[in-house]
Amino acid sequence: MGSVVELRGVTREYRMGEVTVQALRGVDLEIDAGQVVVLLGPSGSGKTTLLNLVGGLDSPTAGDVVIAGEAIAGYDALRLADYRARTVGFIFQFFNLIPSLTAAENVEFALALVERDHTASAGRARELIQRVGLGDRGDHFPAQLSGGEQQRVAIARALANHPRVLLCDEPTGNLDVDTGRQVLDVLDSTARDDGTTVLLVTHNSAIAPMADRVLRLRDGHIEHDDPNPTPTPASELDW
């Protein structure tokens with residue numbers, strides 16, 4: 001299906017007082033549509049920096065970040081905001097749901113950024129809530145949901161804009177094993193059914209077998225790029 005995410009000689013440096021820290025060092029990378037890619041590595045290896053650059057939350061010091069054929073580093077603030085609203089979805093370790101809105105309303109709120117038709121937004125929100133297995137919980141508030149249910153709402157919200165790329169930073173970090181498998185299964189089916197490219201940052205190497213590729217980062221560069229021709233279904237992962 002061709003590459004959706006490309007990093008071309010990407011370096012990201014940060015100034016910390018008198019010291020320059022290289023979070024990424026000349027990274028070259030191509031990721032195809034519909035691939036599930038797990039990023040592993042110790043703290044400070046550059047995993048989250050890579051995710052932030054693809055998500056348009058940060059800009060490279062050098063090199064190009066190319067998404068679906070367009071270099072996003074040259075976008076102005078308005079165009080970047082539109083890119084984040086329409087092209088990428090974000091899922092984090094902390095669910096960041098709006099406590100005063102129901103599960104369905106949290107998803108619908110994300111749609112308000114790109115969809116002006118309230119009826120269409122409400123229908124899409126209900127469809128996504130059903131898809132993540134929460135069809136009977138759409139009218140519940142976040143405080144009435146378990147951690148796993150809240151994370152599935154967060155996934156539904158991230159899928160609201162039909163993203164080309166789904167960026168996940170420790171999405172199972174606060175979940176027990178069984179609940180984590182359920183969340184990973186939703187992410188996996190999203191890639192397989194919708195052709196969405198999923199980049200998943202984790203410290204948990206037991207998640208790696210579900211991926212099409214495993215990138216192992218260390219000191220700002222990709223130490224290993226391991227293809228996996230036979231991914232394991234998330235429901236069968238042995239944590």
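Residues numbered from 1 in each chain as written. Predicted model: local features only at pLDDT ≥ 70, side-chain atom pairs only at ≥ 80, totals over all residues. Heavy atoms only, no water.

Draft legend 1. Just helix 2 (residues 77-86), in detail. Every buried residue of helix 2 is listed here: Leu80, Tyr83 and Ala85. Of the surrounding secondary structure, the elements contacted by the buried residues of helix 2 are helix 1 (47-54), strand 4 (62-67) and strand 6 (88-92). (Buried < 20%, exposed > 50% of the residue type's maximum accessible area, 1.4 Å probe, protein only. Helix = DSSP H or I, 4+ residues; strand = E, 2+ residues; numbered from the N terminus. Contact = heavy atoms within 4.5 Å.)

Draft legend 2. Geometry of the side chain of Ser45. For Ser45, the location among the structural elements is in the loop between strand 3 (36-40) and helix 1. Ser45 sits in the buried class, given a relative accessible area of 1%. Only 2.8 Å separates the side chain of Ser45 from the backbone oxygen of Pro42, close enough to count as a polar contact. Those residues in contact with Ser45 that sit more than four places away from it in its chain are Ala23, Leu217, Arg218, Asp219, Gly220 and His221. (Polar contact = N/O pair within 3.5 Å; in protein donor to acceptor, adjacent residues only side chain to side chain.)

Draft legend 3. Up close: empty space enclosed by the protein. Throughout the structure, instances matching the rule amount to 1 cavity of 30 Å³ or more. Quantified by volume, the largest cavity comes out at close to 40 Å³. Contributing to the lining of the largest cavity are Leu53, Gly56, Asp58, Ser59, Pro60, Ile72, Ala73 and Leu80. A class-by-class count of the residues in the lining of the largest cavity yields 5 nonpolar, 2 polar and 1 charged. (1 Å grid on protein atoms, 1.4 Å probe; cavity = no way out; pocket = protein on both sides within 12 Å on 5 of 7 lines; lining within 4 Å. Points joined across faces, edges and corners; volume = space filled by probe spheres on them. Nonpolar A, V, L, I, M, F, W, Y, C, P; charged D, E, K, R; others polar.)

Draft legend 4. Representation of the nonpolar core in the model. Core analysis: the biggest nonpolar cluster contains 41 residues, and Val107, Ile129, Val153, Ile155, Leu166, Leu184 and Leu187 have the highest contact counts within it. Secondary-structure elements contributing two or more residues to this core are strand 3, helix 3 (103-111), helix 4 (118-131), helix 5 (147-158), strand 7 (165-169), helix 6 (177-194) and strand 8 (197-201). Setting aside chain neighbours within four positions, we find Leu187 in contact with Ile91, Ile155, Leu166, Cys168, Pro171, Val198 and Leu200. (Core = buried A, V, L, I, M, F, W, Y, C linked by side-chain atoms within 4.5 Å.)

Draft legend 5. Highlighting the pairing of strand 2 (residues 19-32). By the bridge criterion, 10 bridges tie strand 1 (residues 3-16) to strand 2 in an arrangement that is antiparallel. Following the sheet pairing, Met16 is matched in strand 2 by Val19. (Pairing = 2+ DSSP bridges.)

Draft legend 6. Seen up close, the pattern of salt bridges. Scanning all chains against the criterion turns up 14 salt bridges. Arg192 serves as the salt-bridge partner of Asp212, at 2.9 Å between the closest nitrogen and oxygen. With Asp212 in the loop between strand 8 and strand 9 (213-218) and Arg192 in helix 6, this residue pair connects regions lying 20 residues apart in the sequence. The class of Asp212 is buried, set by a relative accessible area of 16%. (Salt bridge = Lys/Arg side-chain N within 4 Å of Asp/Glu carboxyl O.)

Draft legend 7. Quick peek at the sheet that holds strand 8. Taken together, 6 strands build an open sheet; the order of strands is 6-7-8-3-9-10 and the sheet is mixed. Strands with a single pairing partner mark the edges of an open sheet, and in this sheet they are strand 6 and strand 10 (221-227). On average, each strand axis in the sheet is inclined to that of its neighbour by 15°, with strand direction left out of account. Against the sheet, helix 5 contacts strand 6 and strand 7, and its axis sits at roughly 165° relative to strand 6. Here helix 6 sits on the sheet in contact with strand 3, strand 6, strand 7 and strand 8, set at roughly 150° to strand 8. (Axes fitted to C-alpha atoms, helices over the stretch in contact; angles between N-to-C directions.)

Draft legend 8. Looking closely at the layout of surface pockets. Space inside the largest pocket adds up to approximately 360 Å³. Around the largest pocket, the lining comprises 18 residues; the ones closest to its centre are Phe90, Ala110, Leu113, Arg157 and Ala158. Taken together, the elements giving at least two residues each to the lining of the largest pocket come down to helix 2, strand 6, helix 3 and helix 5. The element contributing the most residues to the lining of the largest pocket is strand 6, with 4 residues. Its residues placed into classes, the lining of the largest pocket shows 12 nonpolar, 4 polar and 2 charged.

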